[in-house]
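Breakdown of the fold
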Amino acid sequence: MALTPDDVVHKEFQHVRFKDGFDPEEVDDYLDEIVVEWRKTIEENNELKAKLAAFESGESAPAPVAAAPAQAPAAEASSTGTSAGIIELAQRLHDEHVAEGEAKRKQLIEDAEAEVARIRTEAEAKQREESARLERERNTLEGRITELREFERDYRGKLRAMIEGQLRDLDQKSPTDSTPVSAIGL
């Protein structure tokens, strides 16, 4: 792949689900591609500088890189230093992005754990409130049931006493006390 500066500028990494940042493997792979392409560029640059130096010195055939004039090693060192600087910069940016991603991941985990703790605390408080409310309601209903049972017992007792009293009254009345049916008008 012929890598151009525009490729580096316009490269878009896919976002990773459930966390911010880029896929570290994709970034590493891309940086590896950059390193390979830059090394090729450095080699080509060194060969061209050797050819240029050979041409300027009057040689007709291009000299090998090892036989280049004294300017070539200095240019090569400069080019290598620049490439190493670029690689170092790319590595540093990579490390910063990875560290940033790790910090973001850690923060998201902490936030999620805090949210879980808050939700759990709220749920436990609601559960305690509901249990207390239901306990009060149960006690109220049990008290009402007890009152109704006492009322029923008293009512049955009074009703029984009244019916038994009526029966006694009927038994105690004599047939002579009764008014003849003809006097009533029936």
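Residues numbered from 1 in each chain as written. Predicted model: local features only at pLDDT ≥ 70, side-chain atom pairs only at ≥ 80, totals over all residues. Heavy atoms only, no water.

What follows concerns the overall build of the protein chain. The helix and strand tally for the protein chain stands at four helices and zero strands. What you see in the protein chain, going N to C, is helices and strands ordered as α-α-α-α. Split into buried and exposed, the 186 residues of the protein chain put 12% on the buried side. Working note: accessible area of the protein chain is about 15400 Å², and carbon and sulfur atoms make up 56% of it. (Helix = DSSP H or I, 4+ residues; strand = E, 2+ residues; numbered from the N terminus. Buried < 20%, exposed > 50% of the residue type's maximum accessible area, 1.4 Å probe, protein only. Areas by Shrake-Rupley, 256 points an atom, 1.4 Å probe, with all protein chains shown as cover.)

Okay, the nonpolar core next. Formed by L3, F13, V27, Y30, L31, I34 and A90, the largest nonpolar core amounts to seven residues. For this core, the element with the highest residue contribution is helix α2 (residues 24–56), accounting for four residues. When sequence neighbours within four positions are dropped, the list of residues in contact with F13 reads F22, E26, V27 and Y30. (Core = buried A, V, L, I, M, F, W, Y, C linked by side-chain atoms within 4.5 Å. Contact = heavy atoms within 4.5 Å.)

Take the pattern of salt bridges next. Per the stated rule, a full pass over the model turns up 10 salt bridges. The salt bridge partner of R105 is E102, with a shortest N-O separation of 2.9 Å. Here E102 and R105 lie together in helix α3 (residues 71–172), a separation of three residues that amounts to about one turn. Judged by its relative accessible area of 35%, R105 is partly exposed. E102 sits in the partly exposed class, given a relative accessible area of 41%. Here E135 ties to R138 by a salt bridge, and the two come within 2.4 Å at their closest N and O atoms. Linking E135 with R138, this pair stays in helix α3, spanning three residues, or about one helical turn. (Salt bridge = Lys/Arg side-chain N within 4 Å of Asp/Glu carboxyl O.)

The subject of this paragraph is the packing of aromatic side chains. Considering all chains together, one arrives at one aromatic pair under this definition. Measuring from ring centre to ring centre gives 6.0 Å for F151 and Y155, while their planes differ by 20°; the resulting arrangement is stacked. Of the two residues, F151 and Y155 both sit in helix α3, four residues apart, roughly one turn of that helix. For F151, a relative accessible area of 55% corresponds to the exposed category. (Phe/Tyr/Trp six-rings, centres within 6.5 Å; stacked < 30°, edge-to-face > 60°.)

Among the surface-exposed residues, F151, Y155, L159, M162, I163, L167 and L170 lie close enough to one another that they form a single nonpolar patch of about 740 Å² accessible area. Relative to the helices and strands, I163 resides in helix α3. (Patch = residues over 30% accessible without salt bridge, like charges linked within 9 Å, V, L, I, M, F, W, Y side chains within 5 Å.)

With 33 residues, α2 should cover 48 Å at 1.5 Å per step; its first-to-last C-alpha distance of 47 Å lies within 8% of that length. Restricting attention to buried positions, one finds in α2 the residues V27, Y30, L31, I34, V35, E37, I42, N46, A50, A53 and A54. The first or second residue beyond α2 is G58, which carries a positive phi of 100°. (Expected span 1.5 Å × (residues − 1).)

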